[in-house]
Each structure stands twice: as C-alpha cells, then as structure tokens.
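The lines below spell out each chain.
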Amino acid sequence: FNGGCFDNFSAGDCTPSQRAAIDSFTVEVHRLDQTSLASWDFKLSRPDFFHIWAGDVGAAFGVEARHEDYTDNRDPRQDGSINFQDIINTTLVTNDLQGNSGSLDTHGDRDVESAYAEFRVPLVSPEMNIPMVQSIDAQVAARYENFDTFGSVTKPKIALSWRPLDFLLLRSSWSQGFRAPNLQQQFESGLQRSNTRTDFIRCEAAKRQNSAVVFTTSCPSVASATQSVISNRQGSTSLKPEDSDNLSAGFVLESTFLPEDFGRITFTADWWRIRQTDVVGIFGDDNHILLDYVLRVNGSTTGDPAVHRAAPDAQDTADFAGTGLAPVGDILFVDDNYINLDRREARGVDLGLYYDLKDTPLGDWNFRVNGAFLDKFFQEVSADGAIINAAVAAGKIPAQLTVAGQGNLVRNFGRPKWRYTAALTWRKDNFGAGWFTTYVGDVEDPNIVLTATGQRWVIDSFQTHNLYVQYELGDRDQKPLRIRLGMRNIFNEVPPLADTNFGYLGDIDNPAGRFMYVNLRKEF
C-alpha cells in the first residue's frame, strides 16, 4: 500500500507493508455453489417399428423423471449473518466486505416429468423409381415436460429431407422449443450490486436552470447527477418458460460426380430463424432510471416505481426550483428483478466446406471450414422501452438516450456478425500434424459512446492460430501410444480492448497467450 520507490519508480515497493498489518484487516471468504440432479428414465427404440409403402418406420419413445436442486451459500460476511458496525457503533451496514455487495443465500429445487416420441418416416425410396426423387424422408417428434413450479409444455418437431440427385440433398425443419427459467432465476432470494449511474432528471433540472448545461449520455458538469446506485435482484417462481419457434432450410452438395482420386468435397449451407417469446432477463437498472426520467419529464411526480428515492431535502428543492419538475431525492436503490421480457428474433446462415483427400503419396489430408453469419438479432422493445424511445422521437430527451439492450443487437457485445473456424490435418504413416484457426468479428461496446457523435466503441476482431505435430509409437490399428507437441496462439495475439473488469470481452475472446504443450495418449 506504499506505492513505488521515490528514488526509483521502476524498482517496485521499497517499503512494503508488514504482513501482520495486512492480515489485521483481511479475511478469507467463500461462496459455495452446489447443484444436484437425480433422474430416472426409460427409453425404447426400434428401426422397424412398422412398415409402409416406402420402407420401415423407425420409432423411439422415452419417459423421464428428475429432481433438480440448487444451493448458493454466501459467506456470513456477505449474506447478512455478520454485519459491519463503524468505529463509534452508530452505523450498521448489511455487508461486512469492503468492495463487495450484499447477497443472500439462495436455495431452490423442482421436480420435472417428461416424455417424448419420435418417428423416422420414409416417404419415397429409391426403389420407387420416381424421377428427380431418389428419396424423401420425414422426421416427426414431440416432447412433453411438466414442471412443478410453472406447469407443463408440449413442443413438436417436423423435419424433411429430399435427395433429387446423388450429389444434392435438400433439407428443412420446423420445431417449437422452450427453455425453463433456471433455478437461480426462480429462487434468487436477494442480490445486490452497486453501479455508478447517471440520474438524468437532475441533468434535466440543471439544464432548465442554466442553458449552458449540455448533456447526452451523461452530465459530468452536474456533480449530484452521478450516483452510486444499489441494484436489487430477486427471482420469481411465477416466471414462465421461454418459448421459441424455429425454422431452418438448407442443402448439402457432395462431389459424387468427381473421380475418387480428386477426393471428397462437401459443401453445406443452412438458413435459420429463431423467434422467442417471454425471454427471461432483466430490464436493467440504467433503463429503469432512464424510464424514471422520461416519466417525470412527461409530468409524473412518482416516476418509475422500481426506482426508490429518498425524500427531497432543501438542496434538492433548490436544484429543481423554477424548472417545472417535481424535486427528487437521491436514488436509494432500484428493483431490477428477473421478468419475462418481450419477443426476440435471431436469423442467420451457417456455412460449411469439407475436403477429404486420401491415399496420396504425401499422406491423407483433411480440410474444413465452418462459418456463421448473424444477419439479425432483434430484441423487441418492451412497453417501457417504447415510452423511452417515444420521448427521444418527440425531442423531449437527448437522442443518445435510447433504451439499452433492446432493438437490433447484431455486433452488440457478444454477437459478432461473422465468426468462423478452419482446420487442416495431415497423416502419413505414424506421423501427423494439424493447424487450427478461429476468427471472431468485431462488435460494439454500448457502454462507451462518444459524446459528440454518439459513436460506440468498437471492439476489434480477434483471430488466433494453433499448430501441433505428433508421432504414434506402434501399429495404428493396435491403439498405439501417441506423442503430440503443440502450440496454442502461436502469434501470441492479445484480445482487443473492452470496457470490462479484465479489459477484454470474455464471452467471445480468449486471453490465453502463446504456450506450448506435450500430450501423451494411450488407449487400452
């Protein structure tokens, strides 16, 4: 805690604190999370369940019962068991850890019963000799699940594949799906987080009192507008599951028309679309504060009920004098609980290219590329979000203050427009080698916006390369000992800068630098 040396800043700390002094105000804390799953199931399948005109119909059936349990045990200094009391014994604060927010212990469990049935149905077989139809196959399935917390759901699936020629397969599918809220979202008993937020109604009051005050995404000239805000979050057993409607269509093109000496080439392309409803999430404490601002600008004296405020004091009254706005006190906390939000739609294209070349004088080669293009990721604006956007459109609030986390979210944080992986492997007798690369496109950081232009900070694209060589001791047909020497991130690429706790976007970027490894594998 003493900083560097005054005479030589590069030498580090010349007068380090005593270990006993540091130990006197540090404690060990824990967070013990435990999940358990007990399940029983029975499955039955048969490839020739019964016969129809085009062949055998395959079928699979299953039932399952499971019990899920979740416990989040926080340290006593964080869950309220041990409270902080100041040196004169007057102020009592729930959390006894410096730099941490209070979080209560959480426990939840649920029972689920499920059943499914699936059929593979041949509609046209090659033996039927229908022109341009070598085969048509269908898949019909349904799944039922019953949760003791929110009830039951039943979802179907239908898929169809058509092979008009040897080298071409057309395929499509439609299904409905669901995702049950996890146990934390249902049973979270109390979570607090402290964030620095801008109380925009104070910016507006200062602007109306002094035309020189200008603000867009913040108003640093108004000291009282920047506050440390407690965000409270709780789960709810009344949450409904997320429902989805899924549609896909694509084709597989194979090089069966080429001589075998050219190898085997396969190209796949699939368009997909997912429409979700009742998406589980949070509105965001920043959005609640923004909604509170809009409601008060529109004449409300109570604002957003999720934003809890202290009673206005004399200074608050003076700050709002002559503005036409009702004075407000400081924000005490914001209720930002899990809720079922509105609809979301995602759409994109998946591409694949695969090339196998066997038995050449130089060995066997395999090359593959998989790419994903995200064309659309639209979170529908909620009713509260629409109120905010309407205020922007009417010119009542700055144009930069749009609702966060809604609208078109392509390139927003962890949703790059493009990403791909590619790999090349080689085998020759007992020798082998492989190369692998991964690429993630650039995304925008909505938390950093240039005040003058409203331009968001761009987190650059990121690409890494891996390489390995290997040798197998013994006959390849007898499970030999394999020795592999590899290197990850061979060019020592550093993830692009992002406004996060660790300075990079962990959802899509890996911070591990270049390193080598040795791997020994023996199968018995």
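Look a little higher up for the structure.
This section reports on the structure supplied with the text.

Reading guide: rules and limits
- Residues numbered from 1 in each chain as written.
- Predicted model: local features only at pLDDT ≥ 70, side-chain atom pairs only at ≥ 80, totals over all residues.
- Heavy atoms only, no water.
- Helix = DSSP H or I, 4+ residues; strand = E, 2+ residues; numbered from the N terminus.
- Areas by Shrake-Rupley, 256 points an atom, 1.4 Å probe, with all protein chains shown as cover.
- Lys, Arg positive; Asp, Glu negative; His and termini not counted.
- Charge placed at Lys NZ, Arg CZ, Asp CG, Glu CD.
- Core = buried A, V, L, I, M, F, W, Y, C linked by side-chain atoms within 4.5 Å.
- Buried < 20%, exposed > 50% of the residue type's maximum accessible area, 1.4 Å probe, protein only.
- Contact = heavy atoms within 4.5 Å.
- Pairing = 2+ DSSP bridges.
- Axes fitted to C-alpha atoms, helices over the stretch in contact; angles between N-to-C directions.
- Parallel < 35°, antiparallel > 145°, perpendicular 65-115°, else oblique.
- Nonpolar A, V, L, I, M, F, W, Y, C, P; charged D, E, K, R; others polar.
- Left-handed = near helix turned anticlockwise from the far one by under 90°.
- Polar contact = N/O pair within 3.5 Å; in protein donor to acceptor, adjacent residues only side chain to side chain.
- Salt bridge = Lys/Arg side-chain N within 4 Å of Asp/Glu carboxyl O.

A word on the overall build of the chain. When helices and strands are counted, the chain shows 6 helices and 26 strands. Referenced to the eigenvectors of the C-alpha coordinate spread, the extents of the chain come out at roughly 90 × 65 × 50 Å. Total accessible area on the chain stands at roughly 29,700 Å², and carbon and sulfur atoms take up 56% of it. Where the 49 positive side-chain charges of the chain centre and where its 69 negative ones centre are 5 Å apart.

For the rest of this paragraph, the subject is the nonpolar core. Within the largest apolar cluster, 25 residues are counted, with the highest numbers of intra-cluster contacts made by Phe-200, Ile-201, Phe-215, Tyr-293, Ile-388, Ile-397 and Leu-401. Those elements giving two or more residues to this core turn out to be helix H3 (200–209), helix H4 (285–297) and helix H6 (383–393). Leaving out residues up to four positions away in the same chain, Leu-401 has contacts with Phe-200, Phe-215, Thr-216, Thr-217, Leu-290, Tyr-293, Ile-388 and Val-392.

One open sheet accounts for 4 strands, arranged E9-E10-E15-E14; its pairing is mixed. A strand with exactly one partner marks an edge of an open sheet, and here the two such strands are strand E9 (191–198) and strand E14 (307–309). Within the sheet, the average angular offset between the axes of one strand and its neighbour, ignoring direction, is 30°. With 8 bridges joining them, E9 and strand E10 (residues 226–233) adopt antiparallel strand pairing. Among the inter-strand pairings, Leu-191 is bridged to a residue of E10, identified as Arg-233.

As a further point, take the packing of H3 against H4. At a closest axis distance of 8 Å, the pairing of H3 and H4 adopts a crossing angle of 40°. On the basis of their axis angle, the class for H3 and H4 is oblique. Taken together, the residues of H4 that come into contact with H3 (itself represented by Phe-200, Ile-201, Glu-204 and Arg-208) are Leu-290, Tyr-293, Arg-296 and Val-297. Residues of the contact of H3 with H4, tallied by class, amount to 5 nonpolar, no polar and 3 charged.

Our focus in this paragraph is the packing of H4 against H6. Pairs of packed helices are described in terms of their axes, by the angle between the two and the distance that separates them. Interaxial distance between H4 and H6 falls to 10 Å at its minimum, and their mutual angle equals 55°. The orientation of H4 relative to H6 falls into the category oblique. As for the relative orientation of H4 and H6, their crossing is left-handed in sense. Two secondary-structure elements touch here, H4 through Asn-287, Leu-290, Leu-291, Val-294 and Leu-295 and H6 through Asp-384, Ile-387, Ile-388 and Ala-391. Residue composition of the contact of H4 with H6, by class: 7 nonpolar, 1 polar and 1 charged.

As a further point, take the side chain of Lys-155. Its location among the elements puts Lys-155 in strand E7 (residues 151–165). At 3.1 Å, the side chain of Lys-155 forms a polar contact with the side chain of Asp-243. In this view, Lys-155 contacts Ala-141, Ala-142, Arg-143, Gln-176, Gly-177, Phe-178 and Asp-243; residues no more than four positions away in its chain are not counted.

What follows deals with the pattern of salt bridges. Per the stated rule, a full pass over the model turns up 34 salt bridges. Close ionic contact of Arg-343 with Glu-380 constitutes a salt bridge, the shortest N to O distance being 3.2 Å. Note that Arg-343 is positioned in the loop between strand E16 (339–340) and strand E17 (344–360) and Glu-380 in the loop between strand E18 (363–379) and H6, a separation of 37 residues in sequence. Here Arg-343 falls in the partly exposed class, since its relative accessible area comes to 47%. Within this structure, Asp-199, Arg-202, Asp-292, Arg-296, Arg-309, Asp-316 and Asp-330 form a network of salt bridges that share partners.

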